[in-house]
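Topology and contacts: notes
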Amino acid sequence: MEQPKPLLRSLVPVAFADPELLAGEPAYRGDQLRDWVHAKGALAWERMSNLPAAWRQRLAAAWDLTALASVARQVSTDGTRKFLFRLRDGDTVESVIIPMENHATFCLSTQVGCAMACRFCATARGGLVRNLEAGEIIEQVHRLAADLAADPLPEQGGRAFNVVFMGMGEPLDNWDAVAASVEIMTHPLGLAMSRRRVQISTSGPREGLEKLIAAAPGVGLTLSLGAADDAARRRLMPVPGRTTVAEAVALAERYARDTGRRATVAWVLIAGSTDDTEQARRLASQLAGRPFKVNLIPLNELRDDGLAPPAEARILAFQKVLTDAGIDAFIRLSGGRDIDAACGQLRRRRADG
Ligand code: SAH
């Protein structure tokens, strides 16, 4: 296949001052271009009305402005909107808009597929295809923001959104692109988002957590644990399980302390597997006195693997063990159950035909 052109949206804000990009145009033209691409999220060259037409044409000959085409948009009865985007090489990724009380949360993909092989996750089924580049991650934000602007959530005047790297893929296995996209989101000349509005969710591979600590991007961290002892975690999450629970928790704690912001432990609740109160006690003893809260996520059923979410009483009993130990624990019902909103489900269904 023909190599695609480089993607303009992958450039971090400072790169728009590059003389090669400017090709003889004055520096303020670079500022204007950066505003269109990042601050305004332009998805068509024609919108860049204040740029000289000749330069626009030369740019368009050398760069791609967009890398995503919308293939599907589904809206759940609870307001969750799920998008399937086709990439330039034909593969697809998902993004989700989740309505919250006073803002929207954008759930972004960082890879096509995933190499972590978690037993309960639809994305894991096809393995890893490739990393997304920064511009492909940022374009998800721009397309979701455009959707939200065109069709605002009911009862919400504002267009404020948070971003979670919680869609397809393991963000810390694609650190360079994720770091560049965080830079673009939080740079005052990029999307100018507060770091508090950005959250990275990871299955916690050691090298990835070490890179995160070294880079100190100041965004929130969620560690997907799912088991409190190493053997059980290796069965459930084979690749992340190569890092011990103790080590993953210690690295996440270090990041939380560096950032001055509590980290979250995400725990998927699966009937007969991750829902017994003995596991809850082990988790509580791992987390007691440390800067964590816990999100309990009842399994979003994939219906082909025999795994199911626990009954409500089991969920509440699990939560009670944690709260009795002084740990904040919240039950997070996943939105969009009627539209295959669990990570990777929509893409999987399309691939199945
Ligand atoms: N790889 C990263 C981000 C993608 S997964 C991570 O592991 O955090 C995002 C979250 O979705 C994880 O907490 C994961 O445990 C959860 N998840 C995946 N499949 C799920 C399912 N079928 N039901 C409920 N939660 C699921």
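This text gives an overview of the structure that appears in the document. Along every chain, residues carry numbers that run from 1 in the direction the sequence is written. Reporting of local features is limited, given that this is a predicted model, to residues whose pLDDT is at least 70; pairs of side-chain atoms are given and counted only at 80 or more, and all residues count toward the totals for whole chains, interfaces and linings. Computation of side-chain values covers all heavy atoms of the structure but excludes hydrogens and water.

A few points about the site of the ligand
Residues are classed as near a molecule or strand on a simple rule: at least one heavy atom within 4 Å of it. Taken together, 16 residues lie around the ligand, and G169, E170, S201, S224 and N300 are the ones closest in. Whenever a nitrogen or oxygen atom comes within 3.5 Å of another N or O atom, the pair is scored as a polar contact, on the condition that within protein one atom can donate a hydrogen and the other can accept it, and that pairs from neighbouring residues in sequence are kept only if both atoms are in side chains. At 3.1 Å from a nitrogen atom of the ligand is found a main-chain nitrogen or oxygen belonging to F120. One of the backbone N or O atoms of G169 is found 3.1 Å from a nitrogen atom in the ligand. Computed with the Shrake-Rupley method and a 1.4 Å probe, the accessible areas treat only the protein chains shown as cover for residues. When isolated, the ligand has an accessible area of 540 Å², and the protein chains bury 91% of it. Numbering of helices and strands runs from the N terminus; a helix is a DSSP stretch of H or I covering at least four residues, while a strand is a stretch of E covering at least two. Going through the elements one at a time, β8 (198–202) and β10 (263–269) are the ones with two or more residues in the shell around the ligand. In this count, Pro and Cys sit with the nonpolar residues alongside Ala, Val, Leu, Ile, Met, Phe, Trp and Tyr, while Asp, Glu, Lys and Arg are called charged and the others, Gly among them, polar. Residue classes in the shell around the ligand are distributed as eight nonpolar, seven polar and one charged.

With respect to the packing of helix α4 (residues 134–150) against helix α5 (residues 175–186)
Every angle, taken between N-to-C directions, lies between 0 and 180 degrees, and every axis is a line fitted to C-alpha atoms, over only the stretch in contact when it is a helix. At a closest axis distance of 8 Å, the pairing of α4 and α5 adopts a crossing angle of 45°. Taken together, α4 and α5 sit at an angle that is classed as oblique. Remark: the crossing between α4 and α5 carries right-handed chirality. Across from A134, I137, I138 and V141 in α4, the residues of α5 making contact are A177, V178, A180, S181, I184 and M185. Across the contact of α4 with α5, the residue classes tally to nine nonpolar, one polar and no charged. Roughly parallel refers to an angle under 35 degrees, roughly antiparallel to one over 145, roughly perpendicular to one between 65 and 115, and oblique to any angle outside these ranges. For a crossing to be left-handed, the near helix must be turned anticlockwise from the far one by less than a right angle; the clockwise case is right-handed. By definition in these notes, contact holds between two residues if any of their heavy atoms fall within 4.5 Å.

Describing the sheet that holds β8
At least two DSSP bridges between two strands are required for those strands to pair. Read from one edge to the other, the open sheet built from ten strands follows the order β1-β2-β3-β4-β7-β8-β9-β10-β11-β12, with strand pairing classed as mixed. Unpaired on one side and paired on the other, β1 (68–75) and β12 (329–331) mark the two borders of the sheet. Adjacent strand axes in the sheet meet at a mean angle of 25°, parallel and antiparallel pairs treated alike. As paired strands, strand β11 (residues 292–298) and β12 are joined by three bridges and run parallel to one another. The partner of L296 across the bridge, within β12, is I331. Contacts between helix α8 (residues 245–259) and the sheet are confined to β9 (220–224), β10 and β11, with β9 contributing the most and set at about 170° to the helix.

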